[in-house]
Amino acid sequence: MRFSGANVLVTGGLGFVGSRLARALEAEGAQVTILDNGFNGAPASVAGLSARIVTGSVTDAALVRALVQPADLVFHLAARSIIQSMKSPMADIEANLSGTLQVLAALKERPAGGCRLIYTSSASVYGNARHLPAGEEEPYSLLTPYAASKLAGEHFCETFYEAYGVPSAILRYSNVYGPGQTARNPYCGVLGLFIERALRGEPLLIHGDGEQTRDFTYVDDAVEATLLAALAPAAVGEVFNVGTGTEVSLNNVAQLIREATGSAGSIQHVPRRDIDTIRRRAVQIEKARRRLRWSPKVSLPEGISRTVEAYRGEASTRALPEVSLAEGST
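In short, a report on the structure. Please read all numbers here as calculations on a predicted model, not as lab measurements. (Residues numbered from 1 in each chain as written. Predicted model: local features only at pLDDT ≥ 70, side-chain atom pairs only at ≥ 80, totals over all residues. Heavy atoms only, no water.)

What about the nonpolar core?
Across soluble globular proteins, nonpolar side chains have a tendency to be buried as a group.
Part 1: Membership of the largest hydrophobic core comes to 47 residues, with the highest contact counts inside it found for Leu 25 and Phe 75.
Part 2: With eight residues, the single largest contributor to this core is helix α7 (residues 219-231).
Part 3: Contacts of Phe 75, omitting those with residues within four sequence positions, involve Val 8, Leu 9, Val 10, Thr 11, Leu 21, Leu 25, Ile 118, Thr 226 and Ala 230.
Part 4: With 23 residues, the next largest nonpolar core counts Leu 9, Val 58, Val 103 and Leu 104 among its residues. (Core = buried A, V, L, I, M, F, W, Y, C linked by side-chain atoms within 4.5 Å. Buried < 20%, exposed > 50% of the residue type's maximum accessible area, 1.4 Å probe, protein only. Helix = DSSP H or I, 4+ residues; strand = E, 2+ residues; numbered from the N terminus. Contact = heavy atoms within 4.5 Å.)

Right, here's the structure in full:
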């Protein structure tokens, strides 16, 4: 097993991607500690694991230091979502940036090179990219406080690596989806919202004309890239896109979900909101292929099929929110 006996800290480990990562790490032999404030996740997401769950914030310096000191690896996923960010940018800076700095400060106290950090960022940093698919060298286009705070976290990871020898690898996730991304969480991604509405026979609501595109990444593929970034020597000091390289319109996604669920619910277009103004997205993944020996395995139709099956019988008992293009944890 690749992580046999490793003492691993996962911040944000009760969230959608974090809980899936914690499960994968434990299956690979790691001893997992989760730090989470419970805002976007719950212990039920890691039910059945032997992971130690610590309730608290990454902004708590003493707590972070105590958890980082014994760790062999740190996976830093704790962050506020894009919707939360737009509503409260100062709180976003506190959680996304100050929290990252607390983790880096704790790692700085370790012997140089003693504990690798895997920092999960977002393809949001590209905004409306000039070139598609966007490579890691694409100029930044910061359209939200969320994107700005995630990029600032990247820069501090790079600075602590160069100045203090804190080894890190940075992953820019693109629209991660899959089982466990329930619409009961108001910050759920668009696919989860579509699927739960479709299973209830409700209309799939798309903000705008539906021709806006995204690069959807199945959660298990994102988790595998994250694990490889912790293992590959060539990952240290580098930034990697995690996506598929393929852009898909929201109209096409909605139709795929209607077919996978057998839903008779219509596709309806409503006025676009200003939460997410990105028109097109696709990320280049050749660097991850070369350096990490990673490539996505699950196609969008297959990922939707797996997600639909996982969601069946779990429809929410409350009315679902209208679909936005909020990226949630990505």
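Regarding the packing of helix α6 (residues 190-199) against helix α10 (residues 300-311)
Part 1: Across the interface, α6 lies against α10 with an axial gap of 10 Å and an inter-helix angle of 55 degrees. Classified by the angle their axes make, α6 and α10 are oblique. The handedness of the crossing between α6 and α10 is right-handed. Here α6 contributes Leu 191, Gly 192, Ile 195, Glu 196 and Leu 199 to the contact with α10, which in turn contributes Leu 300, Ile 304, Thr 307, Val 308 and Tyr 311. (Axes fitted to C-alpha atoms, helices over the stretch in contact; angles between N-to-C directions. Parallel < 35°, antiparallel > 145°, perpendicular 65-115°, else oblique. Left-handed = near helix turned anticlockwise from the far one by under 90°.)

Remarks on the environment of Thr 33
Part 1: By the secondary structure assignment, Thr 33 is in strand β2 (residues 31-36).
Part 2: The spatial distance from the C-alpha of Thr 33 to the C-alpha of Leu 67 is 8.1 Å, given a sequence separation of 34 residues.
Part 3: Contact partners of Thr 33, with chain neighbours within four places excluded, come to Val 8, Leu 9, Val 10, Arg 52, Val 54 and Leu 67.

Structural notes on the side chain of Ser 121
Part 1: Summarising the element assignment, Ser 121 is placed in strand β5 (residues 116-122).
Part 2: What makes Ser 121 buried here is its relative accessible area of 1%.
Part 3: Those residues within four positions of Ser 121 in sequence are excluded, and the remaining contacts are Lys 150, Glu 154, Ile 170, Leu 171, Arg 172 and Tyr 173.

As for helix α2 (residues 61-68)
The periodicity of an α-helix, 3.6 residues per turn, causes residues three or four positions apart to be oriented the same way.
Part 1: Along α2, the residues classified as buried are Leu 63, Val 64, Leu 67 and Val 68. For α2, the buried positions fall inside an angular range of 125 degrees around the axis, keeping them on one side.
Part 2: Those residues of α2 that are buried lie in contact with β1 (7-11), β2, β3 (52-55), β4 (73-76) and α4 (89-108). (Arc of directions from axis to C-beta.)

Concerning the packing of α4 against helix α5 (residues 145-164)
Part 1: The geometry of α4 relative to α5 is characterised by a closest axis approach of 9 Å and an angle of 15 degrees between their N-to-C directions. In this view, α4 runs roughly parallel relative to α5, as classed from their interaxial angle. Between α4 and α5 lies a crossing whose hand is right-handed. Residues Pro 89, Asp 92, Asn 96, Leu 97, Thr 100, Leu 101, Leu 104, Ala 105 and Lys 108 of α4 form the contact with α5, whose participating residues are Pro 145, Tyr 146, Ser 149, Lys 150, Ala 152, Gly 153, Phe 156, Cys 157, Phe 160 and Tyr 164.
Part 2: Among the residues forming the contact of α4 with α5, the class breakdown is twelve nonpolar, four polar and three charged. (Nonpolar A, V, L, I, M, F, W, Y, C, P; charged D, E, K, R; others polar.)

A look at the environment of Leu 250
Part 1: Secondary-structure assignment places Leu 250 in helix α8 (residues 250-261).
Part 2: C-alpha separation for the pair Leu 250 and Gln 284, spaced 34 residues apart in sequence, amounts to 20 Å.

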